[in-house]
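# A closer look at the structure
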Amino acid sequence: MGKNRQRLHSDRVLDMIVFLSILVAGVVLTLLGVPAGSIAGIAAALAALYGAWTTTRERQSPPPGGSAPDDRAD
C-alpha cells in the first residue's frame, strides 16, 4: 500500500508542476501582449498533450496486485 500512496503523491506533485507551468506561461504571454485567443489555443493544446501523456502512463501501470493477469483459457 505504501508504493501506491507514494505513486499517488508523485502524480499529484507532477500535476501541480504542470498546472503551475501552464499558468506561468499564460501570465508571461499576457504580459508580452499575446492575444487572449492565442493563449487559450496554446493552453488547450498543452492540456491535451498532458492528458494524452498521463492516459498512456496510466495504461502502462502494473496491476495493483503486482502480478500480470492470467491469460490462460480454461
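Residues numbered from 1 in each chain as written. Predicted model: local features only at pLDDT ≥ 70, side-chain atom pairs only at ≥ 80, totals over all residues. Heavy atoms only, no water.

## Quick notes on the overall build of the protein
In plain terms, the rule: Each helix is a run of DSSP H or I of at least 4 residues and each strand a run of E of at least 2, with the numbering of both proceeding from the N terminus. Relative accessibility thresholds used throughout: buried, under 20% of the residue-type maximum; exposed, over 50%; partly exposed, between the two (1.4 Å probe, protein chains only). All accessibility values rest on the Shrake-Rupley procedure with a 1.4 Å probe; residue burial counts only the protein chains present in the view.
Of the regular secondary structure elements, the protein holds two helices and zero strands. For the protein, with 74 residues in total, the buried portion stands at 7%. Surface exposure of the protein reaches about 6300 Å², of which carbon and sulfur atoms provide 66%.

## Details of the environment of serine 38
The residue serine 38 is located in helix α2 (residues 36-59) in this model. Note: C-alpha distance between serine 38 and glycine 26 (twelve residues apart in sequence) is 10.0 Å.

## Topic: the packing of aromatic side chains
How we decide: Aromatic contacts are taken between Phe, Tyr and Trp rings whose centres are within 6.5 Å, Trp giving its six-membered ring; a plane angle under 30 degrees counts as stacked, one over 60 as edge-to-face, and the others as tilted.
Taken as a whole and judged by the stated rule, the model has one aromatic pair. Residues tyrosine 50 and tryptophan 53 carry aromatic rings whose centres are separated by 5.8 Å and whose planes lie at 45° to one another, so their mutual orientation is tilted. You can see tyrosine 50 and its partner tryptophan 53 sitting in helix α2, three residues apart, about one turn around the helix. By relative accessible area, which is 45% here, tryptophan 53 ends up partly exposed.

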